[in-house]
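Spelled out, the chains give:
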Amino acid sequence: MSIAKNVEKFSDLLKEYKHCKLVAVSKTKSEQEIMEAYHAGLRIFGENKVQELSAKYEKLPGDIQWHMIGHLQRNKVKYIAPFVSLIHSVDSFKLLREIDKQAARYNRTVDCLLQVHIAEEETKFGLSEEELDDMLAADQAGALDHIRVKGLMGMATFTENEEQVRREFSALKKLFDKLKDRNLPNVAMEELSMGMSGDYLIALEEGSTMIRVGSAIFGQRNYN
Ligand SMILES: *Cc1c(COP(=O)(O)O)cnc(C)c1O
């Protein structure tokens, strides 16, 4: 199927989930492919590498909202701070503090999601519930003026076992709801970023407000 057709399919699906946004994950994909999705109506694109994100931002239309979805190194925050519209992958207070510092240089407030470790695999980045609690404290996230915590992000285990994926998403949603009920300074629990090409349907059923979809829109990635 063409990119435009795939976008149409997702637009139709999301009519049933009106609270949910589609982040088109365009990593490794060309400007031309991104423009095909753009012309089909998409405006939110996600990338996982700072250099690629910056290069695409420079060249592509100014009304695109660029999301950083991959692991972010502190020394690279300065390159995306001027324009990034949401960082999904904040996994330490040091990183959050650096984002705050760089955002201040540009007179911006950068929206961030805290990435929570929900998968079984050791390899996936993310905070434990305890680390998350610490970061949300008034003297941590609450004390920064140029970031705003907008919600949580999580990646489920890469498995065929749908029940396990559902369990992991459901646990993240519970945590999200719990934090929403607490009135934490500088925290607005509005976005729950979960679900990718292989598990977005489960994520939608479990309450995702942002699915991050790459290959189901653009086709398989070719890493050379
Ligand atoms: C690549 C990536 C995605 C999209 O993956 P697909 O399986 O192609 O949809 C989503 N989230 C993150 C963090 C990614 O790195």
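For the structure, check the block above.
Everything numeric in this text was worked out from a predicted model, so none of it was measured.

Enquirer: So what's going on with the packing of aromatic side chains? Which residues, and what values?
Expert: Under the definition given, this model contains three aromatic pairs. An angle of 5° between the planes, with centres 3.8 Å apart, marks the rings of Tyr57 and Phe83 as stacked. In this pair, Tyr57 is assigned in helix H3 (residues 50-59) and Phe83 in the loop between helix H4 (77-80) and strand E4 (86-90), connecting sequence segments 26 residues apart. According to the relative accessible area criterion, Tyr57 is partly exposed, its value standing at 34%. Exposure remark for Phe83: the relative accessible area of 11% places this residue in the buried category.

Enquirer: Give me the site of the ligand: which residues, what numbers.
Expert: As a structural note, the neighbourhood of the ligand is formed by Val25, Lys27, Ile69, Met155, Met196, Ser197, Arg212, Val213, Gly214, Ser215 and Arg221. Within the contact set of the ligand, a nitrogen atom lies 2.9 Å away from a side-chain nitrogen or oxygen of Arg212. With the chains in place, 90% of the 390 Å² that the ligand exposes on its own is no longer accessible.

Enquirer: Hey, could you go over the environment of Phe93 for me, with residue numbers and the actual values?
Expert: Tracing the sequence through the fold places Phe93 in helix H5 (residues 93-105). Sequence separation of Phe93 and Glu131 is 38 residues, and the distance between their C-alpha atoms is 9.1 Å. Not counting the four nearest positions on each side in its chain, Phe93 is found in contact with Met135, Gln140, Ala141 and Leu144.

Conventions and cut-offs
- Residues numbered from 1 in each chain as written.
- Predicted model: local features only at pLDDT ≥ 70, side-chain atom pairs only at ≥ 80, totals over all residues.
- Heavy atoms only, no water.
- Phe/Tyr/Trp six-rings, centres within 6.5 Å; stacked < 30°, edge-to-face > 60°.
- Helix = DSSP H or I, 4+ residues; strand = E, 2+ residues; numbered from the N terminus.
- Buried < 20%, exposed > 50% of the residue type's maximum accessible area, 1.4 Å probe, protein only.
- Near = heavy atom within 4 Å.
- Polar contact = N/O pair within 3.5 Å; in protein donor to acceptor, adjacent residues only side chain to side chain.
- Areas by Shrake-Rupley, 256 points an atom, 1.4 Å probe, with all protein chains shown as cover.
- Contact = heavy atoms within 4.5 Å.

Remember that the coordinates give geometry; whether it matters functionally is a separate question.
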